[in-house]
Amino acid sequence: MRRLVILGGGTAGTIVANKLRRRLALEDWQITVIDRDREHLYQPGLLFVPFGGREDLRKQRRQLLRNGIQFLIGEVGAVDPEQKSVRLTDGDVVSYDYLVVATGTSSRPDQTPGMLGDEWHRSIHDFYTYDGAFALREALQGFTGGRLVVHVVDQPIKCPVAPLEFTFLVEAFLRGRQMRDQVELVYVTPLDGAFTKPIASRYLGQLLDDRKIAVEADFLVERIDAERKTLVSYDEREIGYDLLVTVPLNMGADFIAASGLGDELNYVPVDKHTLQSVAHPDIFAIGDANDLPTSKAGSVAHFSSDIFVENFRQYVEGVAMTHRFDGHANCFVETGDGKGLLIDFNYDTEPLPGRFPLGRLGPMSLLRETKANHWGKLAFRWIYWHLLLPGRWLPLPARMSMSGKHRPDEEVRP
Amino acid sequence: MTATVVSVGDTTIHVDSEGFLTEYGEWTEGLAGQLAARIGIELTDEHWKAIRFLRADYPSHGETATLRRVSTLAGIPIKQLFVLFPGKPAKKMAYVAGLPKPRGCV
Ligand SMILES: Cc1cc2nc3c(=O)[nH]c(=O)nc-3n(C[C@H](O)[C@H](O)[C@H](O)COP(=O)(O)OP(=O)(O)OC[C@H]3O[C@@H](n4cnc5c(N)ncnc54)[C@H](O)[C@@H]3O)c2cc1C
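Given the structure is predicted, the values throughout are model-derived calculations rather than measurements. (Residues numbered from 1 in each chain as written. Chains lettered and ligands numbered in written order. Predicted model: local features only at pLDDT ≥ 70, side-chain atom pairs only at ≥ 80, totals over all residues. Heavy atoms only, no water.)

### Some details on the confidence of the model for chain B
Averaged over chain B, the pLDDT score is 92; the fraction of residues at 70 or greater is 95%. If you check the scores for this complex, the pTM reads 0.95 and the ipTM reads 0.90. (pLDDT = per-residue confidence, 0-100.)

Here's what the structure looks like:
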């Protein structure tokens, strides 16, 4: 019996376990998923919570895993790649022949001095966690005006567009409450602009201008002076706030550092086309847990899992892996007022305008605000639970397609 | 991205539209001094520590190191990187070290 152990039962771990359970013979393979808790959280839903979204975002992990997959609850403490074993913090040891690290990335407010303290979830908020998103909902309900700062500590973060989506949504929310004039909105980013790729910048930068949202770029926070309600950067710039919505530093799991498996942010260095660990061939890392130079997003977990599953079967049969992941990512960007846009890109091609997924037919539009894109985003929740996580076929190719896309200078004007 | 050919001192190099070197092999220590001068920086031993780290890290990592990576692995505090390369340290270091501009997302 060969043993495959998958660490993390989130988006990537669940998809991979379900896909492989269908493809690997039950009598030859034992598949085990380990996660620290019982409930799977639909993270894209957190974006809507501060504005009143009420759907239940959680399901039991066990129910999301196919029969024939063993599910263990436990916190991973360390991996020993030489002994091929995983030690849980309660002392249990699980041995493997092949290991998939899918423990994602998480918010680390403890990494910025001054962020955690009495003001955490009072005047300093996040929406990347379940508790954070609900605390922020209360804060927004009670907000009477002043300066509202949306802030990103550093890249990479999961869902890199989420802070911008939040900014658009909060602007629309304030307008809806007739208090937009009482609020100064500022978007603070360590990057050199709200959007960095040139074509997306041109299309999207305008949206921020139109909504009178100020952008403070190249701002790398050193500490927060919570008493003075001020962000202080390494080059000693200061930005005051009345309400701060921050995206804390995102980091991979601590056991990755403890096992010597990670880089400076605890991400596992992998081959960017096969997801195989560069240090240990029997270890793969999928989803947000690896250091791929693409977005950390559920869509990447999905597309790369298609490649990974085929490669894994070749690898365990002892033949060369022939499938190559191209960095394909695909993200809806909510822009408020019931509209959204969509971006589709990979390692080599920046987000371009056009139609998706079918060249002329769409029905989604790339880099353009439409109602259809917003409904696409909302419909995604159903797709996530019922098609994506079970590992069913979805009509979205793993490889990015140029069909339907064009460079703006090739744009044909009517 | 299309590269253009420019002359810096008496060397000819390939750069992208923002002036970042596109050929890893075209960089020399002499060139670094000239690139630094163009952005008003005079290179000291401390600058060299950061630049040498970036050069050595790039081939194995395949990406230009972030400030956090330089700080953790080369042991130079982020604050100090802002003193050495004022304003936009990540970009300025990459420029002088002849590496691609650090990656953004969208
Ligand atoms: C607010 C928000 C909005 C988002 N919107 C979108 C969107 O619109 N589209 C999109 O594509 N993506 C979106 N994402 C990103 C998406 O949710 C993630 O990229 C995706 O969940 C990554 O999957 P993963 O399996 O790598 O990590 P996760 O799904 O986070 O799973 C990691 C799992 O590992 C477990 N774990 C971690 N450490 C340990 C340990 N030591 N021991 C045991 N278990 C451990 C965790 O409990 C968790 O279950 C959003 C994320 C957020 C926060």
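Additional details are given in the paragraphs that follow.
### Thoughts on the site of the ligand
All names here are of chain A. Around the ligand, 29 residues are found, and the nearest of them are Thr-11, Ala-12, Asp-35, Asp-288 and Gly-298. Within the side chain of Gln-43, one N or O atom sits 3.0 Å away from an oxygen atom of the ligand. For the ligand, an oxygen atom lies 2.9 Å from a polar atom in the backbone of Gly-298. Summarising the interface, the protein chains cover 94% of the accessible area of the ligand, which totals 1,000 Å² for the free molecule. If you list the elements that add at least two residues to the shell around the ligand, you get α1 (11-23) and α7 (298-316). For the shell around the ligand, the class distribution of residues is 11 nonpolar, 10 polar and 8 charged. (Near = heavy atom within 4 Å. Polar contact = N/O pair within 3.5 Å; in protein donor to acceptor, adjacent residues only side chain to side chain. Areas by Shrake-Rupley, 256 points an atom, 1.4 Å probe, with all protein chains shown as cover. Helix = DSSP H or I, 4+ residues; strand = E, 2+ residues; numbered from the N terminus. Nonpolar A, V, L, I, M, F, W, Y, C, P; charged D, E, K, R; others polar.)

### Regarding the pairing of strand β1 (residues 2-7) of chain A
Residues and elements named next belong to chain A. Note: β1 against strand β2 (residues 29-35), 6 bridges, orientation parallel. If you follow Ile-6 over to β2, its bridge partner there is Val-33. Handedness of the crossover joining β1 and β2 through α1: right-handed. When β1 meets strand β9 (residues 98-101), the two strands line up parallel, connected through 4 bridges. Each bridged residue has a counterpart across the sheet, and for Ile-6 the counterpart in β9 is Val-100. (Pairing = 2+ DSSP bridges. Right-handed = clockwise from strand over helix to strand, strands pointing away.)

### With respect to the packing of aromatic side chains
The relative placement of two aromatic rings is captured by the distance of their centres and the angle of their planes. Enumeration over the complete set of coordinates arrives at 22 aromatic pairs over all chains. Ring centres of Tyr-384 of chain A and Trp-385 of chain A lie 5.4 Å apart, and the angle between their planes is 80°; this geometry places the pair in the edge-to-face category. Both rings, one in Tyr-24 of chain B and one in Tyr-58 of chain B, keep their centres 5.8 Å apart while their planes meet at 20°; by these two values the pair is stacked. In this pair, Tyr-24 of chain B sits in the loop between β2 (11-15) and α1 (29-38) while Tyr-58 of chain B sits in helix α2 (residues 45-61), placing the two residues 34 residues apart along the sequence. Aromatic ring contacts, followed pair by pair, group Trp-29, Tyr-98, Phe-284, Phe-308, Phe-312 and Tyr-315 of chain A into a single cluster. We note Arg-55 of chain B situated over the ring of Tyr-24 of chain B; from NZ or CZ to the ring centre the distance is 3.8 Å. (Phe/Tyr/Trp six-rings, centres within 6.5 Å; stacked < 30°, edge-to-face > 60°. Lys NZ or Arg CZ within 6 Å of the ring centre and 35° of its normal.)

### Digging into the sheet that holds β9 of chain A
Residues and elements named next belong to chain A. The 5 strands lie next to each other as β5-β2-β1-β9-β20, forming an open sheet whose pairing is parallel. Either end of the sheet is taken by a strand with one partner, and the two such strands are β5 (69-73) and β20 (283-285). On average, each strand axis in the sheet is inclined to that of its neighbour by 20°, with strand direction left out of account. Lying on the sheet, α1 is in contact with β1, β2 and β5; it crosses β2 at an angle near 165°. Sheet contacts for α7: β1, β2, β9 and β20; angle to β9, the most-contacted strand, approximately 160°. (Axes fitted to C-alpha atoms, helices over the stretch in contact; angles between N-to-C directions. Contact = heavy atoms within 4.5 Å.)

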